[in-house]
Amino acid sequence: MKNNLICVLIGAPGAGKGTQAKNVANHFKCKLISTGDILRENVENKTVLGLEAKKYIDNGNLAPAQIVVSMIKNVIKSSIEKKDASDNNFLFDGFPRDLEQNKLFEQILAQLNLSIKAVIYINIEDDVVYERLTNRRVCPKCNRVYHLKFNPPKFDNLCDDCKVALITREDDKIDVIKKRLEVYKQLTEPLIEYYRKKNKVIEINGNKDAEEVLKDIISGINCAKQ
Ligand code: ADP
Ligand code: ADP
Ligand code: ZN
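Calculation notes
- Residues numbered from 1 in each chain as written.
- Chains lettered and ligands numbered in written order.
- Predicted model: local features only at pLDDT ≥ 70, side-chain atom pairs only at ≥ 80, totals over all residues.
- Heavy atoms only, no water.
- Helix = DSSP H or I, 4+ residues; strand = E, 2+ residues; numbered from the N terminus.
- Rg over C-alpha atoms; globule rule 2.2 N^0.38 Å.
- Buried < 20%, exposed > 50% of the residue type's maximum accessible area, 1.4 Å probe, protein only.
- Contact = heavy atoms within 4.5 Å.
- Areas by Shrake-Rupley, 256 points an atom, 1.4 Å probe, with all protein chains shown as cover.
- Donors = N, O, S within 2.8 Å, 3.2 Å for Na, K, Ca; no water.
- Tetrahedral: all angles 85-135°; square planar, octahedral: opposite > 155°, others 65-115°.
- Near = heavy atom within 4 Å.
- Polar contact = N/O pair within 3.5 Å; in protein donor to acceptor, adjacent residues only side chain to side chain.
- Nonpolar A, V, L, I, M, F, W, Y, C, P; charged D, E, K, R; others polar.
- Phe/Tyr/Trp six-rings, centres within 6.5 Å; stacked < 30°, edge-to-face > 60°.
- Core = buried A, V, L, I, M, F, W, Y, C linked by side-chain atoms within 4.5 Å.

A. Highlighting the overall build of the protein chain. Of the regular secondary structure elements, the protein chain holds eight helices and seven strands. In terms of overall size, the protein chain behaves like a compact globule, its C-alpha atoms giving a radius of gyration of 17 Å where 226 residues would be expected to give roughly 17 Å. The principal-axis extent of the C-alpha atoms belonging to the protein chain is close to 50 × 40 × 35 Å. For the protein chain, the proportion of its 226 residues judged to be buried stands at 46%. The long-range fraction of contacts in the protein chain, counting pairs at least 24 apart against all pairs at least 6 apart in sequence, stands at 72%. For the protein chain, the exposed area adds up to about 11900 Å²; of that, 49% sits on carbon and sulfur atoms.

See the structure below:
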């Protein structure tokens, strides 16, 4: 196996995966792959994949594994071909999402002689999920995440970086949030148990301030690298 870094971010909706992902990826020089962001871009651009995935996203269900995994496979392969990911380091946000995706993912990695180094599990209380997601706003251009109370933009409703108007995600409505949380518990949590048995889980208390959470993730990954 090569000495590369492949990490996965797992956590309930609103745990802070997207918030942390960019900083963690920059810190460790990983290519960031967020399935949620890629799927939403496809929905926005009305691609065949986006039109198919939208039905699932709008209801809070997972998009079919075949779609997501083949999408991921293409992104990984083209990143490696284009030498877009230094040393083939990758950070996955929101993928794999269940055991079925994970099995296919492990096969893809094995074919490329790669393997997962650490699974970063950001743990938050259920109550926090609703407060986080109903106040979440995102930049449609750069995907930067804001929170109306905890992390507001400098100017009212504009992305600090792009100066584009922020949007509320279609699936950040109470009933869809509830469904996503159920799906997370039923389908995604078993993955945490799977990786715990392999001693790959770094559990992070996601209730702390975002800066603290970032420090904890960085020190956790540094330990796993040794
Ligand atoms: P996820 O990608 O896991 O769904 P996000 O990173 O989008 O979660 O965060 C959900 C919401 O919570 C956003 O509005 C974000 O600004 C906010 N948030 C993220 N981390 C924290 C934190 N540690 N403390 C307070 N709010 C946070
Ligand atoms: P959050 O972490 O807040 O739940 P994501 O952006 O990761 O948000 O996911 C939003 C939606 O996109 C999910 O509810 C699901 O419909 C779809 N999605 C994202 N990643 C995956 C994936 N790996 N497999 C299937 N569906 C996915
Ligand atoms: Zn932006």
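Having put the structure on the table, let's press on.
B. Geometry of the coordination of the zinc ion (ligand 3). In this structure, Cys139 (SG), Cys142 (SG), Cys159 (SG) and Cys162 (SG) serve as the protein donors to the zinc ion (ligand 3), at separations of 2.3 Å. In this structure, the zinc ion (ligand 3) is coordinated by four donor atoms arranged in tetrahedral fashion, with angles at the metal of 106 to 113°. Each donor residue of the zinc ion (ligand 3) belongs to the same chain, with the gaps between them written as C-x2-C-x16-C-x2-C. Of this pair, Cys139 sits in the loop between β5 (136-138) and β6 (145-147) while Cys162 sits in the loop between β6 and α7 (174-197), and the two are 23 residues apart along the sequence. Here Cys139 falls in the buried class, since its relative accessible area comes to 1%. Residue Cys162 is classed as partly exposed on the basis of its relative accessible area, which comes to 22%.

C. Quick peek at the site of ligand 2. Lining the immediate environment of ligand 2, one finds 20 residues, of which Lys17, Arg40, Asn61, Gln101 and Arg180 sit closest. A distance of 2.9 Å separates a nitrogen atom of ligand 2 from a polar side-chain atom of Thr35. Contact between ligand 2 and Asn61: an oxygen atom at 2.6 Å from a main-chain N or O atom of the residue. Computed on the free molecule, ligand 2 has an accessible area of 540 Å², of which 96% lies beneath the protein chains in the complex. Considering every element that reaches the shell around ligand 2, the biggest residue donor is helix α2 (residues 35-44), with four residues. Taken together, the residues that form the shell around ligand 2 break down as seven nonpolar, six polar and seven charged.

D. Just the packing of aromatic side chains, in detail. Inspection of every chain in the model, using the stated rule, returns five aromatic pairs. Look at Phe90 and Phe92: their rings are 5.9 Å apart centre to centre, the planes differ by 25°, and that puts the pair in the stacked class. An identical accessibility class is assigned to Phe90 and Phe92; each is buried. With a centroid separation of 4.9 Å and 80° between ring planes, the pair formed by Phe95 and Phe105 is classed as edge-to-face. Of this pair, Phe95 sits in the loop between β3 (90-93) and α5 (99-111) while Phe105 sits in helix α5; the two residues are ten residues apart in sequence, bridging distant segments of the chain. No difference in accessibility class separates Phe95 from Phe105, as the two residues are buried. A connected cluster of aromatic rings, assembled from ring pairs, spans Phe90, Phe92, Phe95 and Phe105.

E. View of the nonpolar core. In this structure, Phe92, Ile120 and Ile221 are the most contacted members of the largest nonpolar core, which totals 56 residues. Broken down by element, the residue count for this core peaks at six residues, all from α7. In this structure, Cys139, Cys142, Cys159 and Leu166 belong to the second largest nonpolar core, which totals five residues.

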